[in-house]
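In case you want the letters, here they are:
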Amino acid sequence: MALIEINQLTFSYPLATKPTLKDISLEIEAGEFVVLCGTSGCGKSTLLKHLKRELTPHGQMSGTIHFNGVALQDLPQREAASQIGYVLQKPELQIVTDKVWHELSFGLENLGYDSMTIRRRVAEMASFFGIQTWFRKNTTDLSGGQKQLLNLASIMVMQPQLLILDEPTSQLDPIAASEFIATLQKLNKELGLTIVLVEHRLEEVYPIADRVIILDAGEIIANDTPIKAATRLRHVDAHHPMLLGLPTPLRVHHALKQSDETPLTIRDGRTWLEKHYEADHKQIQEAEPSGEVVLDVQDVWFRYDRHAEDLIRGLNFQLHQGEFLSIVGGNGTGKSTTLGLITGLLKPHRGKVTIFNKPLKKYAKKDLYQGMISMLPQDPTTLLVEKEVQLELAMMSKDQTAIDRVIDLLQIRHLLAQHPYDLSGGEQQKVALGKVLLKNPKILVLDEPTKGLDGESKQVLARILHDLQRQGTSILMVTHDVEFSAEHATSCAMFFDGEIVAKGTPAAFYSGNHFYTTATNRMCRQLFEDVITTEQLIARCQSQQEVMTHV
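Chemist: Hey, could you run me through helix α1 (residues 44-51) in this one?
Modeler: Because an α-helix packs 3.6 residues into every turn, residues spaced three or four apart end up facing the same way. Most of α1 sits out of view: seven of its eight residues are buried. Among the residues of α1, Lys44, Ser45, Thr46, Leu47, Leu48, His50 and Leu51 are the ones counted as buried.

Take a look at the structure:
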């Protein structure tokens, strides 16, 4: 008997013109590691929420869901709470207490366990997850990676049979994300825990899955092992947008039309490349950005509390007209705080921020935010205040032509009548970006803009940003998405210990890193050291194939 049985599940949100889920039928066996993927808005998160009774969205539903042979709605409340764990996309939304140790014990206390059992289970989980060193910390003092790990440990302490995760690494830096995925794999292999995971960043989770389920417009179009699911996707549509989100080894192998066994991991991809291609190292070109300095940050220091340590320490950098600067770095290093400082939301206690040769503090708010500088925050819902998407956009501009242009650019016309909070994370990101773009800023500031976006939506975003660059807009982006940064930014920088410690062109920056680099560079650096994007790797391999064909 399967752990989860879904039969002909169909669901529609209120006011929606078509179902979000259409006739979904599938079974998930105990001990499986299942990855659920698809383009933004295809119904992934909605399907996950139907597996956790307490989170089932409001709307019209038909079909049945069984857990261990029992209809989900008939499951005893205690069993529903303890046996089905759910990790949200945003770590902060799931933490309910002030201390780490209290958060770990909170679920068990609510289930009525005795103190000795609680202490034993908490001690076991804290040891398993390596939480001992920050066991007594305030939850507000934790990094994003620590918060997400705490959420996972707080669920595991209740010993669930099923663990559901909705894009758990979307707000984690590359190193924290890798560690989190490794922990999930350990739970699955060593404890036999059944895991159902939704993720857009597939490089690391796709190869370790037992099964991959691909959704498209609310329907299952592939349900098989990772390689067979990718093959099925190509047969369904050779140009399906989901193909852009597949791991690098699969994309490269498919593009080069090789007939041998498909590599799935970076290690397999590296071995496969060495078998078919020869080393061709090219010199990496460095280039300094040119153009007028539109943003100048000089010796800026900042702390959130007068008695606390400085989070930003002697920060210095410049942004030039038409430049696209991408900043990467670990969770909690001060990247988002820096964006608050340059947009006037926070004030430094030392140093100076200058915009177009005028000190930031001398700008009136209406002058600063009406066409001078605009920011897309890390949480797009902070910008969503209306009951319909079309009202969100209408409040930003009276120019309907401009609104229509943004709607078509972002491909959100089908969302106009929906409530913003009924949208997926990726769709909310698009709507929030649309509001920011309608301000026509000279400096565009983006905090994790690709979070929740599928591969095709990222390409749409890239085209918009490149068009803005050509018009002279300067772009400053903080991101954990090194693939997007490497492909589209003109300059990249590393943020560490409260300041920018390194900056360079994407090729020079990423080819010199081991962890903060792209999957493509990790896969091919022994042959093509300067290559950092999948498109560059495919082009380099194709050029060698052409030479070999003519020999």
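Picking up where we left off.
Chemist: Looking at this structure, I do not really get the pattern of salt bridges. What am I missing?
Modeler: Oppositely charged side chains can form a pair if their charged atoms are brought close together. On inspection of all chains with the given rule, the structure shows 18 salt bridges. A salt bridge links Lys282 to Asp280; the shortest N-O distance between them is 3.6 Å. For Lys282, a relative accessible area of 44% corresponds to the partly exposed category. In this structure, Arg313 engages Glu309 in a salt bridge whose closest nitrogen and oxygen atoms are separated by 3.5 Å. Under the relative-accessibility criterion, Arg313 is labelled partly exposed at 27%. Under the relative-accessibility criterion, Glu309 is labelled exposed at 67%. Several salt bridges share partner residues, and in doing so they unite Asp280, Lys282, Asp530 and Arg540 into one network.

Chemist: Where do I start with the packing of aromatic side chains in this structure?
Modeler: Geometry of an aromatic ring pair is reported as the spacing of the ring centres plus the angle between the planes. Here the structure, examined in full by the defined rule, presents five aromatic pairs. Aromatic pair Phe11 and Tyr13: ring centres 4.9 Å apart, planes at 85°, arrangement edge-to-face. With 5.0 Å between their ring centres and 90° between their planes, Phe509 and Tyr510 make a pair best called edge-to-face. The positively charged end of Lys186 is found above the aromatic ring belonging to Phe128, 4.7 Å away from the centroid. The cationic tip of Lys442 hangs over the ring face of Phe356; the distance from NZ or CZ to the ring centre is 5.5 Å.

Chemist: What is the right way to read the sheet that holds strand β4 (residues 60-67) from this model?
Modeler: Picture the strands of a sheet paired through backbone hydrogen bonds; they go either parallel or antiparallel. Overall, antiparallel pairing links the four strands, which are arranged β2-β1-β4-β5 in an open sheet. Taken across any chain shown, the strands that pair with only one partner, and hence form the sheet edges, are β2 (21-28) and β5 (70-71). Across two bridges, β4 lies against β5 in antiparallel orientation. The residue of β5 that forms the bridge with His66 is Ala71.

Chemist: What is the right way to look at helix α9 (residues 248-255) in this model?
Modeler: α9 sits mainly inside the fold: six of its eight residues count as buried. What α9 keeps buried is the set Thr248, Pro249, Leu250, Arg251, Val252 and His253. One or two positions beyond α9, positive phi appears at Lys257, with a value near 55°.

Chemist: I tried to follow the pairing of strand β8 (residues 194-198) on my own but got confused; where do I start?
Modeler: Across a regular strand the side chains alternate sides, sitting on one face of the sheet and then on the other. Counting buried positions along β8 yields five of five residues, so the element is predominantly enclosed. Of the two faces of β8, the one carrying Thr194, Val196 and Val198 and the one carrying Ile195 and Leu197 are both buried. With four bridges connecting them, strand β3 (residues 33-38) and β8 associate as parallel partners. Note on β8: the bridge partner recorded for Val35 is Leu197. Looking at chain direction, strand β7 (residues 162-166) and β8 are connected through five bridges and run parallel. Residue pairing across strands places Leu163 opposite Ile195, the latter belonging to β8. For the segment spanning β7, helix α6 (residues 174-191) and β8, crossover handedness is right-handed.

Chemist: Explain the packing of helix α3 (residues 100-110) against helix α4 (residues 115-128) here, please?
Modeler: A pair of packed helices is characterised by two quantities: the angle between their axes and the separation of those axes. Two elements in contact, α3 and α4, have axes whose closest approach is 10 Å; the angle formed by their N-to-C orientations is 145°. Between α3 and α4 the crossing geometry is right-handed. Here α3 contributes Leu104, Ser105, Leu108 and Glu109 to the contact with α4, which in turn contributes Ile118, Arg121, Val122 and Ala126.

Chemist: When you look at the pairing of β7 in this model, what are you seeing that I'm missing?
Modeler: Along β7, five of the five residues are buried, which leaves the element largely enclosed by surrounding structure. The two faces of β7 match: Leu162, Ile164 and Asp166 on one face and Leu163 and Leu165 on the other face are all buried. Bridge count for strand β6 (residues 84-87) against β7 is four bridges, and the pairing is parallel. Looking at the pairing, Val87 lines up with Leu165 of β7.

Chemist: How should I be thinking about the sheet that holds strand β17 (residues 443-447) in this particular structure?
Modeler: Strand order in the open sheet formed by six strands is β16-β17-β18-β13-β19-β20, with mixed pairing between adjacent strands. The strands lining the two open edges of the sheet, one partner per strand, are β16 (373-376) and β20 (499-504). On average, each strand axis in the sheet is inclined to that of its neighbour by 20°, with strand direction left out of account. By the bridge criterion, five bridges tie strand β19 (residues 491-496) to β20 in an arrangement that is antiparallel. From the neighbouring strand, Phe496 faces β20, where its bridge partner is Glu499. Helix α11 (residues 335-342) contacts β13 (324-329), β16, β17, β18 (474-478) and β19 of the sheet and is inclined by roughly 155° relative to β17.

Chemist: How should I be thinking about unusual backbone geometry in this particular structure?
Modeler: Despite not being glycine, Gln159 has its phi angle at roughly 55°, a positive value. For Gln159, the location among the structural elements is in the loop between α5 (144-156) and β7. Residues other than glycine seldom take positive phi values, yet Gln411 does so here, at roughly 60°.

Chemist: Sorry, what's going on with the nonpolar core here?
Modeler: As a rule of thumb, soluble globular proteins bury nonpolar side chains together. Phe129, Leu152, Leu163, Leu184, Tyr206 and Ile214 are the most contacted members of the largest nonpolar core, which totals 54 residues. Beyond its immediate chain neighbours, meaning those up to four positions away, Tyr206 contacts Val212, Pro226, Ala229, Ala230, Leu246, Pro247, Leu250 and Leu264. Counting 42 residues, the second largest nonpolar core, distinct from the first, contains Leu437, Leu438, Leu465 and Phe509.

Rules of the game
Residues numbered from 1 in each chain as written. Predicted model: local features only at pLDDT ≥ 70, side-chain atom pairs only at ≥ 80, totals over all residues. Heavy atoms only, no water. Buried < 20%, exposed > 50% of the residue type's maximum accessible area, 1.4 Å probe, protein only. Helix = DSSP H or I, 4+ residues; strand = E, 2+ residues; numbered from the N terminus. Salt bridge = Lys/Arg side-chain N within 4 Å of Asp/Glu carboxyl O. Phe/Tyr/Trp six-rings, centres within 6.5 Å; stacked < 30°, edge-to-face > 60°. Lys NZ or Arg CZ within 6 Å of the ring centre and 35° of its normal. Pairing = 2+ DSSP bridges. Right-handed = clockwise from strand over helix to strand, strands pointing away. Axes fitted to C-alpha atoms, helices over the stretch in contact; angles between N-to-C directions. Left-handed = near helix turned anticlockwise from the far one by under 90°. Contact = heavy atoms within 4.5 Å. Core = buried A, V, L, I, M, F, W, Y, C linked by side-chain atoms within 4.5 Å.

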